[in-house]
Every structure is written in C-alpha cells, then in structure tokens.
Amino acid sequence: MRWTQTFIPTLKETPAEAEITSHKLLLRAGLARRLAGGLYTFLPLGLRVLRKIEAIIREEMNRAGALEVAMPCLQPPEIWQKSGRYQDMSEVLYHVYDRAKKEWLLGPTHEENITVLVASEINSYRQLPKNFYQITVKFRDEIRPRFGLMRAREFVMKDAYSFDVDERSAEVSYQKMYDAYVRIFERCGLRTIAVEAHTGAIGGSFSHEFMVPAESGENEIAFCESGKYAANVEKAVSQGPLIPTPTASTGASPEKFPTPGVLTIEALAQPPYNVPAHHQIKTLVYIVESKPVVLLLRGDDQLNEAKLAGALGTVLLRPATPEEIYELLGAHPGSLGAVGVTHVPVYADLALRGAAGMTTGANQDGFHLRHVDIARDIKVTRWLDLRTVKAGELCLATGLPLKISRAIEVGHIFKLGTKYSEKLGAVFLDEQGRPRPAVMGCYGIGVTRTLQAIIEQSNDKDGIIWPMSVAPYTVCITPLDVTPGGRIMSIAEQIYRQLIESGVDAILDDRDERPGVKFKDSELVGFPIRVAVGEKSLANEQVEIKPRAGQLMLVHKTEAVNRVLELIKRAN
Ligand code: ATP
Ligand code: MG
C-alpha cells in the first residue's frame, strides 16, 4: 500500500473526548473516529488491525474444534422472556420496533439464540459435544459508554457456546477454551492474567476472566506473585487481615458512651476516643430481595457486594436508605450496631469471629457501645466471607503477599450448567434413551476492546508500539525524497516490492513531506519496522532499519530486505 492512496488521518493534537492513553492514540493514529458516544467508525488502518485479531481468534477457535456460525443481531424478545433475562439484563437491552409496532431486541449476547437452535437441531448424545462460535457486533445500552472502544454501545465480540452430555465433558470443553484464550492473547502480543471471577447476570457456576493489568482498567484483581493464585477482587480471598482481630474480652458488659457528631469509623479512631478501626464493628443495612439484613464487618474492612450477592444467590440487593434504616434500628448511619438486634437477620464477616472488647454503634444517635464481645452480645444469624481483600495480605495457597492491580477485562469464560438448556428446551436423549438437558459453557472475547487494550499496554511517548502479529502494516518504507525516478525513490520502491513479494505487509510512505513529519507519523501509528532511505546513508550504499522499540541499524541497501525478513521471523 502507498500512504498517499490509503487514508491515515493522523492528529497532532489529542481530541478532547479522549481521557486514557489508548483512546488518545486510537484517534491520533487515525485508526477510528467517533460518531456518537460509544459508537465508532473504523478507518482503514484500524480495520486492518481488527481483521488480524479476528483472524487469530478464528484460527484458535477452529483449532480447538469450535464451529463458526453467524446469528442475527436482531432477536425476538420472546426467547429473552423465556430465559428470564428480559428482566435480568433489562438495563442493557436495546429495543427496536418494526412497522407493525412489534418489538425486537438488538442482541447484547447470544445464549438464548444458540440454545434455541440446539433445542431444535440436537436430540441425541451422539451429536454432542458441540461448540459454536461467531464474531459479531453486540449492542449494549451501557450506563456510561467511555474510553473509546473499551466500553461502547456497539462492539465486536467473539462468543462461543459449548454443549455437552455431562459435567465432566463440559469441563473438558471449558479447558479447551481456556487454553485457546491463553494462545489467542499471547499471539496478539497481549500480557493477560486469567483470574477466578464471579458469574454475575449471565449465571452459572464457575468462571475465569482474562485481565490486562492497566491503571485505566475498570476492574481490580488480586494475585500472588507465584502465579498460583489470581482472582477478581470481587471474589478474591486471603488468609485475612494483617492485623489480628482483638479476641481478649475486657470482662465488662457493653457500656454506652456519648459520641456526639461521630459518624465514621475514622472519627472514632481519633482523639478523644482513640478506638483503632480494627477494634470497631462496622454495621451496614442492606435490602436483599426487599427484605432487610444487617451486615457486620471489622471497622477497617470494606464490604464486597459481589461476595454478598454470591453468598445469598441473588443480584437483587442494595444499601438501605437512611429512612429505612431509622425505621428498622431507631438510629441513623454512624450510630448503628447489632447488640440486642433479633428482629432482623445479622450476617457477620468471618474476620469478626471471636472478636471481643469491640466498640460499635448503640442504635441511638450520638452514642456507641464498648466492651462488646461478639459471641456473648450479638446474635449472628450467619457467618459469611464479606470483606474485600487488601494488598499485602497473605495468599491462602502460597502464604506469599497478594498484590492488587487495576485491570481491563478482555475475555470471560463461564461454565453455565443447565440454566439455559432447561429454560429453552435444549434436551437430548442419553445412551439409555432418557431426556437430559445439555450442560453448557459460554466464552466471550471483546475483540474491539482487545484492540484498544493492546494499545493501552504497548505504547510510549511517541505513539503505539504494535506487536508484529496485529500491526496494520508490519513495515513502513520511508523514502526521504520522493522525486519520481530519483535514486532514493527507486531504491525505496525496490525494497517495497521485494517485501510485498515475500508476503510482508508493507506500506510505502510516498508523501512529499519533511522527514520529521514522516518519522513522527510512522512512530505514532506504530509500525513495527521502519526502513528509511535517504541521501546521507545512501552515500555509503546503506539504508536505516529501525524497529519501533529497538535500536537503529545501518545495513547495506541490498541486505535490507533480508534483515527485515529476519526481524519478522525472530518475532514469530
Ligand atoms: P464488563 O464487566 O466490562 O461490562 P461483561 O462482564 O459485561 O463486561 P461479557 O458479557 O462477559 O462482559 O462480554 C464478553 C466480553 O465482551 C468482555 O470480556 C469484554 O471484553 C467485552 N465487552 C463487554 N461489554 C463491552 C462494551 N460495552 N464495550 C466493549 N467491549 C465489551
Ligand atoms: Mg457489562
């Protein structure tokens, strides 16, 4: 390709819409343009990257035995009502209406669609296992579309769905996808960590997320340096708080004392009270499926809502309002406690087991209680793991300190079980002729998010540093004088032609621009290798080869193509 014949509208200035590095570079390198919030047009260079990522995914899916299909984006709402997700995913569903005012949905995902297909086409164990995948556009009415392709309203996803005769076979299918994902991200030049994850609204029993560590990520992951344990912080566990919970009773009974204006754990830790946070019991009230529950944590711990939802098996929960709390406990947040509370279930975090000599709210505004021994003074209905792990706490598996990092989720795999096959009738006859629901798994990769995550992970002050495998062009040939028929241009054209003939994706920067402009642009776009042909080096019959993230080399002009081919070979 010749630069003047394609379309690479690079930008010197960063558009105001972009906050994070990868979003800025996506726009500045001329890969994509915003149409409206969460909607992007891919330009020729961006589309080339997208197609290369898709090709890697397709190869690995096929290698793992998955079968490519293509399902409609437009879906009938009836199948969503049947699965229960017309309600459960209502927040992200886009509704459209046809001329007869009939409603349709724009697919945010395709479990319903594929399960309906399998229900009508597969009826014997002999036809299983099967894994179907597609690479298509998904639509989600996100509360906050942002960061460019990272959280869009319309984005490209690879989604796969496996159907098996039983749990054990489903685990084999799951492992195949896990392994395929590791290969896919490796081949895309992306460092990911596979973490244990919650299953959320998709449902199911078991799942892993593939995370790209990045400051701009919307997730937090906890991981052990040994590589033996990694989990989304929503799910992560540790050996517990670094400072042990006090367990020595003062022997005294709970004693009320005035704490006017003290509404936080921090305030009670200050003079004149000086009660360390880990000597306090934090009391929260939640409404779970419209019923109140009291939650207790150590004062220095944070509630992990995902753990609460997981333990109670529902996503229908929210913090109670101050009015609801006052009606329930007779006090406002800041003065709450569970001593003597018997009319509401009390769920306590495991780190509070055996806690004694603690301080907590008195359920009277402006008062707290001290000398509280949890076993003696509080009626705990259930002990649950409710706390959020902190960096430095010790790993349960290895005893080493856990690290916490922000991360971008690029892929997610679930063991679904039979939730969808039961609801949508994906039943087959087993060897004994008995009807059984297929055991399912589902596997997603955010393809457009992956593209931007690669940029987020691989860049420097000058621009993007594309891994060879997904670069829009692998080599950029930069003649510093483009006079047609001139020596410089002829040599550049020759190198360009030979590279193309060797099967290399090459682009010839044939613009009549100053060298500085051309160098800056090729660095901004991030071509992995640049070959510069100019008067100065040609005086010694040499050209300059510059790997985007490496040292400049001067090589004889007849050696240039071979050296480039070597560099490419070495990267693969
Ligand atoms: P998130 O928690 O980021 O909203 P999710 O759990 O809703 O993701 P899945 O339903 O598992 O996502 O979808 C599979 C993959 O699709 C995700 O791992 C992510 O890479 C991608 N994805 C999800 N939502 C978006 C979006 N709004 N824009 C771009 N990619 C997305
Ligand atoms: Mg989501």
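Residues numbered from 1 in each chain as written. Chains lettered and ligands numbered in written order. Predicted model: local features only at pLDDT ≥ 70, side-chain atom pairs only at ≥ 80, totals over all residues. Heavy atoms only, no water.

Enquirer: I tried to follow the sheet that holds strand E6 (residues 103-106) on my own but got confused; where do I start?
Expert: Ordered by their spatial adjacency, three strands build an open sheet running E4-E6-E5, and the pairing between neighbours is antiparallel. Strand pairing shows two members of the sheet lacking a second neighbour, strand E4 (74-75) and strand E5 (94-97), which therefore form its edges. (Pairing = 2+ DSSP bridges. Helix = DSSP H or I, 4+ residues; strand = E, 2+ residues; numbered from the N terminus.)

Enquirer: What is the right way to look at the site of ligand 1 in this model?
Expert: Close to ligand 1 lie 14 residues, the nearest being Arg140, Glu142, Arg151, Ala152 and Glu409. Contacts to ligand 1 include arginine 151, whose side-chain N or O atom sits 2.7 Å from an oxygen atom. Here an oxygen atom of ligand 1 and a side-chain polar atom of arginine 449 are 3.0 Å apart. For ligand 1, whose free accessible area comes to 580 Å², the fraction covered by protein is 85%. Those elements that place two or more of their residues in the shell around ligand 1 are strand E8 (154-164) and strand E21 (402-417). (Near = heavy atom within 4 Å. Polar contact = N/O pair within 3.5 Å; in protein donor to acceptor, adjacent residues only side chain to side chain. Areas by Shrake-Rupley, 256 points an atom, 1.4 Å probe, with all protein chains shown as cover.)

Enquirer: What's the story with the packing of helix H2 (residues 44-63) against helix H12 (residues 447-457) in this structure? I'm lost.
Expert: What describes two packed helices is the angle between their axes and the distance between those same axes. Two elements in contact, H2 and H12, have axes separated by 10 Å at closest approach and are oriented at 110°. Classified by the interaxial angle, the pair formed by H2 and H12 is roughly perpendicular. For the pair H2 and H12, the sense of crossing is right-handed. For the pair H2 and H12, contact is made by Gly46, Val49, Leu50, Ile53, Glu54 and Ile57 and by Val447, Thr448, Thr450, Leu451 and Ile454, respectively. Of the residues assigned to the contact of H2 with H12, the class counts are seven nonpolar, three polar and one charged. (Axes fitted to C-alpha atoms, helices over the stretch in contact; angles between N-to-C directions. Parallel < 35°, antiparallel > 145°, perpendicular 65-115°, else oblique. Left-handed = near helix turned anticlockwise from the far one by under 90°. Contact = heavy atoms within 4.5 Å. Nonpolar A, V, L, I, M, F, W, Y, C, P; charged D, E, K, R; others polar.)

Enquirer: I tried to follow the pairing of strand E1 (residues 32-36) on my own but got confused; where do I start?
Expert: Remark: a regular strand shows side chains that alternate across the two faces of the sheet. For E1 and strand E2 (residues 39-42), the ladder comprises four bridges, and the chain directions are antiparallel. Bridge pairing links alanine 36 to leucine 39 in E2.

Enquirer: When you look at the sheet that holds strand E13 (residues 255-258) in this model, what are you seeing that I'm missing?
Expert: Pairing between sheet strands relies on hydrogen bonds along the backbone, with the strands arranged either parallel or antiparallel. The sheet built from three strands is open, its strands ordered E13-E19-E18 with antiparallel pairing. With one partner strand each, in any of the chains shown, E13 and strand E18 (358-361) form the two edges of the open sheet. Ignoring which end each strand starts from, the neighbouring axes of this sheet average 30° apart. Pairing analysis gives three bridges linking E18 to strand E19 (residues 367-372), with the strands arranged antiparallel. Among the inter-strand pairings, threonine 360 is bridged to a residue of E19, identified as leucine 369.

Enquirer: Explain H12 here, please?
Expert: The buried count for H12 comes to 11 of 11 residues, which makes it a mostly enclosed element. For H12, the complete set of buried residues consists of Val447, Thr448, Arg449, Thr450, Leu451, Gln452, Ala453, Ile454, Ile455, Glu456 and Gln457. (Buried < 20%, exposed > 50% of the residue type's maximum accessible area, 1.4 Å probe, protein only.)

Enquirer: Looking at this structure, how should I read the packing of aromatic side chains?
Expert: When we look at a pair of aromatic rings, we describe it by the centre distance and by the angle of the planes. Using the criterion set out here, one finds nine aromatic pairs in the structure. Note on tyrosine 174 and tyrosine 443: the rings are 6.3 Å apart at their centroids and 55° apart in plane angle, and the pair reads as tilted. Taken together, the positions of tyrosine 174 in helix H6 (residues 167-187) and tyrosine 443 in strand E24 (residues 439-446) put the pair 269 residues apart, joining distant regions of the chain. Grouping residues by exposure puts tyrosine 174 and tyrosine 443 together as buried. (Phe/Tyr/Trp six-rings, centres within 6.5 Å; stacked < 30°, edge-to-face > 60°.)

Enquirer: It is not clear to me how the pattern of salt bridges should be interpreted in this structure. Could you clarify?
Expert: Any two side chains of opposite charge can pair, on the condition that their charged atoms come close. Per the counting criterion, the structure on display carries 39 salt bridges. For the salt bridge of lysine 461 with aspartate 462, the shortest nitrogen-to-oxygen distance reads 3.2 Å. For lysine 461, a relative accessible area of 76% gives the class exposed. Salt bridges sharing common partners tie together Glu59, Glu60, Arg63, Arg183 and Arg187. (Salt bridge = Lys/Arg side-chain N within 4 Å of Asp/Glu carboxyl O.)

Enquirer: Explain the nonpolar core to me, please; I cannot follow it from the model alone.
Expert: The nonpolar side chains of a soluble globular protein tend to be buried with one another. Grouped together as the largest cluster of nonpolar side chains are 58 residues, with contacts concentrated most on Ile53, Met61, Tyr181, Ile184, Leu451 and Trp466. Ranked by residues supplied to this core, first place goes to H2 with seven residues. Those residues within four positions of tyrosine 181 in sequence are excluded, and the remaining contacts are Met61, Lys158, Phe210, Gly411, His412, Ile413, Tyr443, Gly444 and Ile445. Counting residues in hydrophobic clusters, the runner-up holds 27 residues, among them Val482, Tyr496, Val504 and Ile545. (Core = buried A, V, L, I, M, F, W, Y, C linked by side-chain atoms within 4.5 Å.)

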